[in-house]
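Chain and residue survey
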Amino acid sequence: MKKTLNVRIGSVAFVLDEDAYYMLRHYLDDVEARFEPVEAAETLNDLEMRIADIFTEELASPRQVVDVELVRKAISILGRADEFGEPREGRSVPHADIKQLRRSRRDRMIGGVCGGLADYFGIDVALVRLLMFLLIFFGGVSLWVYIILWIVIPAEQW
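Residues numbered from 1 in each chain as written. Predicted model: local features only at pLDDT ≥ 70, side-chain atom pairs only at ≥ 80, totals over all residues. Heavy atoms only, no water.

Section: the packing of helix α4 (residues 113-121) against helix α5 (residues 125-137)
Keep this limit in mind: For helices, the axis comes from a line fit to the C-alpha atoms of the stretch in contact; other axes are also lines fit to C-alpha atoms, and the angle between any two N-to-C directions lies between 0 and 180 degrees. Helix and strand definitions here come from DSSP, where helices need a minimum of 4 consecutive H or I residues and strands a minimum of 2 consecutive E residues; each element is numbered from the N-terminal end. Any angle that is under 35 degrees is reported as roughly parallel, and any over 145 degrees as roughly antiparallel; angles of 65 to 115 degrees are reported as roughly perpendicular and all others as oblique. A clockwise turn of the near helix away from the far one marks a right-handed crossing, whereas an anticlockwise turn of less than a right angle marks a left-handed crossing. Any two residues having at least one pair of non-hydrogen atoms within 4.5 Å are treated as being in contact. We call Asp, Glu, Lys and Arg charged. Ala, Val, Leu, Ile, Met, Phe, Trp, Tyr, Cys and Pro are nonpolar, and the rest, Gly among them, are polar.
Contact geometry for α4 and α5: axes closest at 8 Å, N-to-C directions at 125 degrees. Considered as vectors, α4 and α5 are oriented oblique to each other. Taken as a pair, α4 and α5 cross one another with a handedness that is right-handed. Where α4 approaches α5, its residues Cys114, Gly115, Leu117 and Ala118 are matched on the opposing element by Val125, Val128, Arg129 and Met132. When the residues that make up the contact of α4 with α5 are grouped by side-chain class, the tally is six nonpolar, one polar and one charged.

Written as structure tokens, this is what we have:
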């Protein structure tokens, strides 16, 4: 069960799951850090209007929940935050992109270990799952390794 949030994006109400909300919030904060305050307000307003258009086009019903995949699609259409330029001097970009091994909350079948490993190494999650399956059943690597990784690797924050 996931939390959902009611938010207004570009003067349109949407229901976002918690992960999608934090991803979108991070993106908008990252973009805002790259503009002067006057430009940032205008740019963020334009971005929110475009995001609202994308969400409206993709959702079949206004009560449908916006998920992480739809937020990713919107960001890919709009462009990554670093494409808007460098952060202003004195402004740090929130949550710097430091590569960390985390269990995935979106690509999980059991504990999210394979999804986290796939994100960390930048490979397809299906390939990691296949490799894990082969190692457990044919390579002598025990199921205990998966369970230990499940315990040791922290979960994603959003």
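Concerning α4
Note: α-helices contain 3.6 residues per turn, so residues at a spacing of three or four share the same orientation. The condition is simple: Burial status follows relative accessibility: with a 1.4 Å probe on protein chains alone, a residue under 20% of its type maximum counts as buried, one over 50% as exposed, and anything between as partly exposed.
Among all positions of α4, only Val113, Cys114, Gly115, Gly116, Leu117 and Ala118 are buried. Buried residues belonging to α4 abut α5 and α6 (143-152).

Describing the sheet that holds strand β2 (residues 12-17)
Within a sheet, neighbouring strands are paired by backbone hydrogen bonds and run either parallel or antiparallel to one another. Basically, it comes down to this: When DSSP finds two or more bridges between a pair of strands, those strands are recorded as paired.
Taken in spatial order, the three strands line up as β1-β2-β3 in an open sheet, and their pairing is mixed. The open sheet has two edge strands with one neighbour each: β1 (4-9) and β3 (65-66). Relative to β3, β2 runs parallel, the two being bridged by two bridges. By the bridge assignment, Leu16 is partnered in β3 with Val66.

Concerning the nonpolar core
Our working definition: We call a set of buried residues a nonpolar core when its members are Ala, Val, Leu, Ile, Met, Phe, Trp, Tyr or Cys and they connect through side-chain atoms within 4.5 Å of each other.
By size, the foremost hydrophobic cluster in this structure holds 27 residues, and its most contacted members are Ile9 and Phe55. Contributions of two or more residues to this core are made by β1, β2, α1 (18-32), α2 (37-58) and α3 (68-78). At seven residues, the largest contribution of residues to this core is made by α2. Sequence-distant contacts of Phe55, defined by excluding residues within four places in its chain, comprise Ile9, Phe14, Leu24, Val66, Leu70, Val71 and Ala74.

Digging into the UniProt feature "transmembrane region" (unreviewed entry) in the protein chain
Spelled out, the test is: UniProt positions are given in the numbering used here, feature names are shortened, and annotations may be inferred rather than shown by experiment.
The sites that UniProt annotates as "transmembrane region" (unreviewed entry) are residues 109-127 and 133-153. This span, residues 109-127, is 63% helix and 0% strand, and a straight line between its end C-alpha atoms measures 14 Å. Helix and strand shares over residues 133-153 are 71% and 0% respectively, and the end C-alpha atoms of the span are 19 Å apart.

Section: the pairing of β1
Looking along a regular strand, one sees the side chains alternate between the two faces of the sheet. As paired strands, β1 and β2 are joined by six bridges and run antiparallel to one another. Of the residues in β2, the one forming a bridge with Asn6 is Val15. In this antiparallel pair of consecutive strands, β1 and β2, the connection spans two residues, and Gly10 shows a positive phi of 60 degrees.

What about the environment of Arg50?
One can find Arg50 in helix α2. Residues contacting Arg50, with those up to four places away along its chain left out, are Glu57, Ile77 and Leu78.

Structural notes on a nonpolar patch on the surface
Our working rule: Residues enter patches when they are more than 30% accessible in relative terms and free of salt bridges; like-charged ones are connected within 9 Å and nonpolar ones (Val, Leu, Ile, Met, Phe, Trp, Tyr) within 5 Å. Accessible surface area values rest on a Shrake-Rupley calculation with a 1.4 Å probe, where residue burial reflects the displayed protein chains alone. Throughout this description, the term salt bridge denotes a Lys or Arg side-chain nitrogen within 4 Å of a carboxyl oxygen of Asp or Glu.
A cluster of nonpolar residues, Met109, Ile110, Trp144, Ile148, Trp150, Ile151 and Val152, forms a patch on the protein surface that exposes about 850 Å² of accessible area. Structurally, the position occupied by Met109 is in the loop between α3 and α4. By relative accessible area, Met109 is classed as exposed at 67%.

What to know about the packing of aromatic side chains
Using the following cut-off: For this analysis, a ring pair means two rings from Phe, Tyr or Trp (six-membered ring only for Trp) whose centres lie within 6.5 Å, classed as stacked if their planes differ by under 30 degrees, edge-to-face if by over 60, and tilted for the remaining angles.
By the definition in use, this model includes six aromatic pairs. Judged by centre distance (5.2 Å) and plane angle (75 degrees), the rings of Tyr21 and Tyr22 are edge-to-face. Judged by relative accessible area, Tyr22 falls into the partly exposed class, the value being 39%. Aromatic pair Phe133 and Phe137: ring centres 4.8 Å apart, planes at 50 degrees, arrangement tilted. Here Phe133 and its partner Phe137 are both found in helix α5, four residues apart, which amounts to about one turn of the helix. Within the aromatic cluster, the residues linked to one another by ring pairs are Phe133, Phe137 and Phe138.

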